[in-house]
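Chain by chain, the residues:
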Amino acid sequence: YKEGLTLASLRGSAADNPDKSETETICHVLQHRAGLVDLITPVHIPKLRDEILSSTLKIWAKAGKGANHMGPPLTQLRNYYGEEVAFYFAWLSFLTRWLFVPAISGLVINIARRYRGDTIDTCDLTPLHGILMFLWATCFAKAWERYECTLAYEWGTFSMSGYMHKHRNVRPEFRGEMRISPVTGMMEKHYPLFRRRMKLAASMLITSVLLACAFFLIILSLNLQGYIDNKDVDRWIEHEHPFHYPFISGLAEDGALFDSRSDYMSFVPVILHVVLVQVMNAGYRHVAEKLTDWENHETEITYENSLIFKRFLFEAFDAYVALFYLAFFERDVVKLRGELVSVFNIDMFRRMALECIVPMVM
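From a predicted model like this one, the values you see are computed outputs, not experimental measurements.

1. Focus on the overall build of the chain
Looking only at helices and strands, the chain has 14 helices and 2 strands in total. Buried residues in the chain amount to 27% of all 362 residues. In the chain, the proportion of contacts linking residues at least 24 apart, taken out of those at least 6 apart, comes to 61%. Accessible surface, the chain: about 24,300 Å² in total, of which carbon and sulfur atoms supply 65%.

2. As for unusual backbone geometry
We note that Asn-296 has phi near 60 degrees; this positive angle belongs to a residue other than glycine. Mapped onto the elements, Asn-296 comes out in the loop between helix H12 (267-295) and helix H13 (300-328). Classification of Asn-296 as buried rests on a relative accessible area of 0%. Of note, Arg-331 is a non-glycine position whose phi angle comes to about 55 degrees, a positive value. Of note, Arg-331 is situated in the loop between H13 and helix H14 (333-361). Looking at Arg-331, the relative accessible area reads 60%, which means it is exposed.

3. Structural notes on the nonpolar core
In this structure, Ile-218, Leu-222, Ile-228, Met-280, Phe-314 and Tyr-325 are the most contacted members of the largest nonpolar core, which totals 18 residues. Those elements giving two or more residues to this core turn out to be helix H9 (193-224), H12 and H13. Considering every element that reaches this core, the biggest residue donor is H13, with 7 residues. Those residues within four positions of Ile-228 in sequence are excluded, and the remaining contacts are Ile-219, Leu-222, Asn-223, His-241, Phe-243, His-244, Ser-249, Tyr-325 and Glu-330. In this structure, Phe-87, Ala-90, Trp-144 and Leu-151 belong to the second largest nonpolar core, which totals 13 residues.

4. Description of helix H5 (residues 83-98)
Compared with the 22 Å implied by 1.5 Å per residue over 16 residues, the 22 Å span of H5 between its first and last C-alpha is a close match. On its buried face, H5 sits against helix H4 (74-81) and helix H7 (126-155).

5. A closer look at the pairing of strand E1 (residues 177-180)
Sheet analysis places E1 next to strand E2 (residues 187-190), joined by 4 bridges and oriented antiparallel. What sits directly across from Met-178, in E2, is Lys-189.

6. Considerations on the pattern of salt bridges
Throughout the structure, instances matching the rule amount to 11 salt bridges. For the salt bridge of Glu-173 with Arg-171, the shortest nitrogen-to-oxygen distance reads 3.5 Å. What makes Glu-173 partly exposed here is its relative accessible area of 28%. Owing to a relative accessible area of 4%, Arg-171 belongs among the buried residues under this scheme. The salt bridge involving Asp-347 is made with Arg-351; its shortest N-O contact spans 3.0 Å. Placement of the pair is Asp-347 and Arg-351 together in helix H14, with a separation of 4 residues, close to one helical turn. Among the charged side chains, a network of salt bridges with common partners joins Arg-116, Asp-118 and Asp-124.

7. A short note on the environment of Thr-292
By secondary structure assignment, the location of Thr-292 is in helix H12. Sequence separation between Thr-292 and Lys-310 is 18 residues, and the spatial gap between their C-alpha atoms is 8.8 Å. If near-sequence neighbours (up to four positions away) are discounted, Thr-292 is found in contact with His-297, Tyr-303, Ser-306, Leu-307 and Lys-310.

8. Looking at the confidence of the model for the chain
Of all residues in the chain, 81% attain a pLDDT of 70 or more, and the chain-wide mean is 81. Within the chain, the lowest mean pLDDT, 46, falls on helix H8 (residues 162-167), and the highest, 93, falls on H9. Considering only residues more than four positions removed or in separate chains, one finds that residues 1-24, a stretch of pLDDT under 50, has 30 contacts. A low-confidence stretch, residues 161-167 (pLDDT under 50), is modelled with 6 contacts involving residues beyond four sequence positions or located in other chains.

Conventions adopted
Residues numbered from 1 in each chain as written. Predicted model: local features only at pLDDT ≥ 70, side-chain atom pairs only at ≥ 80, totals over all residues. Heavy atoms only, no water. Helix = DSSP H or I, 4+ residues; strand = E, 2+ residues; numbered from the N terminus. Buried < 20%, exposed > 50% of the residue type's maximum accessible area, 1.4 Å probe, protein only. Contact = heavy atoms within 4.5 Å. Areas by Shrake-Rupley, 256 points an atom, 1.4 Å probe, with all protein chains shown as cover. Core = buried A, V, L, I, M, F, W, Y, C linked by side-chain atoms within 4.5 Å. Expected span 1.5 Å × (residues − 1). Pairing = 2+ DSSP bridges. Salt bridge = Lys/Arg side-chain N within 4 Å of Asp/Glu carboxyl O. pLDDT = per-residue confidence, 0-100.

Quick look at the structure:
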């Protein structure tokens, strides 16, 4: 056996985690400690998978004929893929239904604007649409919270108390020294809190450096799209624009390679911007996993919370920092609108390709 790995040692590892089944813990040891197993994953059952697809198509067909129910078969998805995947499709279905409200509102206001000959900047109905979107977003969040709790109760996954989360689902990867618990008087693994806090601080420092690098790349991308220049003489008459790079922004000038007025070449920097954001997100995803493993969290819930926080912070930053920059630093609503529409449209086609076409082909 590799490194003295025996059945007895595997059973001993299983005993360290009484809340886990022996089979699950043995598989975990084979995969992570011994390195004998690369991946553990279930295999598809084609018949059940085809039944889910068939049910989905039937539901949408009935919806087109006036049926009340729209959306994927959540119960079948939950039974086959598990609760996490089922919640994902429940969220998509719920969001799609609620988007009918802003879609209808936007269509009506757009028709009224064209009829009156107004622009988006001169139409007095635009603020009303903004107020409606605020109310819609508030009601949507509350309605989804209720729907999520309903599904959680039906599927038996409603959140347990903090105490139960702390004392259940101990991670097999958790490292520490054995000691007698001052609370229960039983043997337990212990890892000093100050050491974990130092690791958390180091993780945040590394993340901050990577966020600064991401901001620099986003600024270069905005230069390439022609959004940053020195043409605003009222603001930059005495000193140079701090984020202006003439060589890169020159590529977006009239007649240049990525002329911002061109109907086709102006989309190339936008596509590169979307690709850049996705590459940075994918790269940081691996960094976040390594940092969270290094922090040595005791329970699954603390591990997942730390990982989600890192990924949300980084991905929200590099996805929206360009919009915040144009809105609050450049203070140019035209550039903000152009960036928002361009990035949204390009990313919509990317999502359609990755989430619909690629899975269908595979």
